[in-house]
Amino acid sequence: VRETAIAAWRMDRITTADAETLQFPGSGSNANCALRTLRRMLSLAKDWGTIQSAPRIKLRKEKERSVIFTPEREKALLDVAPQPLHDVFLISQDSGLRPDEIIRLRWDHILWDKHLIFNPDGKTDKSRRYVPLSDRVRTLLRARAQGATSEWVFPSPRRKGAHITYSPILKQFTKAREDAGLPKEIVLYSARHSFATDMLDRTGNLILVQQLLGHESVTTTQKYLHPELKGIAEVVNERNAERHTLRHSQGDAQS
């Protein structure tokens, strides 16, 4: 909301129609995060008597995330991704952090010895969480730390004492996606989705994945999880082999 046209408006000027025409970068989920914040602000303004009534703020339709970064897609993007997109993407891919959480990271959030990254805030109360610090993310952060003079991992090149903003990252991603020949269905948030899918596939622990993503409910987490079927055939084959062995052992016993 802070980066939209209504940011400088008086609250009693904002209408339902204004909210419906707002444009936000990223997915419907990202837009709904901002719209829920606006809805809460208007509700509080009404409670405090600042405005007489709060307009109805409608949420956007959210699509289930079904596109992920395969190893081939990851390589294709990294081959053409400029900085800081390159590092933001890798951190999201390996930690599940949202891009807007990554650009707000400070150096004191990196727990080098514990192999963790601490996220102090975010969209929900559950957003305050620890996520893994992988070896390749550690390497890129060590490179960034060399000669760093800012508290921010991603300092703004234009605003002293501030971190970078999300919009330039999104513009970099859009061009890199085109240069890499990736489908338009894949978005920067797909890195977070890929992390969730891989972690569930390898751990089978939905609650753990929910905690890593910082979701309030498992229902929200399930929207991120792409059906992973690559191991199903092996499971069926193992079952059939067990039944085959059992039938033969029973036949030998009867004879």
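Structure's up top.
Summary of the structure given here. Quick caveat, the model's predicted, so the values are computed rather than measured.

Conventions we followed
Residues numbered from 1 in each chain as written. Predicted model: local features only at pLDDT ≥ 70, side-chain atom pairs only at ≥ 80, totals over all residues. Heavy atoms only, no water. Helix = DSSP H or I, 4+ residues; strand = E, 2+ residues; numbered from the N terminus. Buried < 20%, exposed > 50% of the residue type's maximum accessible area, 1.4 Å probe, protein only. Pairing = 2+ DSSP bridges. Phe/Tyr/Trp six-rings, centres within 6.5 Å; stacked < 30°, edge-to-face > 60°. Lys NZ or Arg CZ within 6 Å of the ring centre and 35° of its normal. Lys, Arg positive; Asp, Glu negative; His and termini not counted. Salt bridge = Lys/Arg side-chain N within 4 Å of Asp/Glu carboxyl O. Contact = heavy atoms within 4.5 Å.

What about unusual backbone geometry?
Most peptide bonds adopt trans geometry, and most residues besides glycine take a negative phi value.
Working step 1: Residue P84 follows Q83 across a cis peptide bond; omega there is 5°.
Working step 2: Residue placement: P84 occurs in the loop between α3 (71-80) and α4 (85-95).
Working step 3: A positive phi angle, near 60°, is found at H115, a position not held by glycine.
Working step 4: The exposure class of H115 is partly exposed, given its relative accessible area of 46%.

Observations concerning the sheet that holds strand β3 (residues 129-132)
Working step 1: Pairing within the open sheet is antiparallel, and its three strands lie in the order β1-β2-β3. What marks the edges here is a single partner per strand, and that holds for β1 (110-111) and β3.
Working step 2: Here strand β2 (residues 116-119) runs beside β3; their pairing, made up of four bridges, is antiparallel. From the neighbouring strand, F118 faces β3, where its bridge partner is Y130.

Comments concerning the packing of aromatic side chains
Working step 1: Inspection of the entire model under this criterion finds two aromatic pairs.
Working step 2: Considering the side-chain rings of F69 and F89, the 4.7 Å spacing of their centres and the 70° angle between planes classify their relative orientation as edge-to-face. Taken together, the residues span a long stretch of sequence, with F69 in the loop between α2 (28-47) and α3 and F89 in helix α4 at a distance of 20 residues. The pair F69 / F89 is uniform in exposure class, with both members buried.
Working step 3: Ring centres of F118 and Y130 lie 4.9 Å apart, and the angle between their planes is 40°; on these two criteria the pair is classed as tilted. Remark: Y130 occurs in strand β3 and F118 occurs in strand β2; sequence separation between them is 12 residues.
Working step 4: Residue F118 is classed as buried on the basis of its relative accessible area, which comes to 16%.
Working step 5: Judged by relative accessible area, Y130 falls into the partly exposed class, the value being 47%.
Working step 6: R13 extends its terminal NZ or CZ atom over the ring of W9, reaching a point 3.8 Å from the ring centre.
Working step 7: In this structure, R142 is placed above the aromatic ring of W112, and the distance from its NZ or CZ to the ring centre is 3.9 Å.

Brief notes about the side chain of D18
Working step 1: Mapped onto the elements, D18 comes out in helix α1 (residues 16-20).
Working step 2: Salt bridges are absent for the buried D18, whose nearest opposite-charge side chain, R13, sits at 5.8 Å.
Working step 3: Contact partners of D18, with chain neighbours within four places excluded, come to W9 and R13.

Observations regarding the pattern of salt bridges
Working step 1: This structure, assessed with the given rule, holds 11 salt bridges.
Working step 2: When the shortest N-O distance is used, the salt bridge between K75 and D79 registers 2.9 Å. Of this pair, K75 and D79 both sit in helix α3, four residues apart, which is roughly one turn of the helix.
Working step 3: The class for K75 is exposed, based on a relative accessible area of 52%.
Working step 4: Among the charged side chains, a network of salt bridges with common partners joins E74, D94 and R136.

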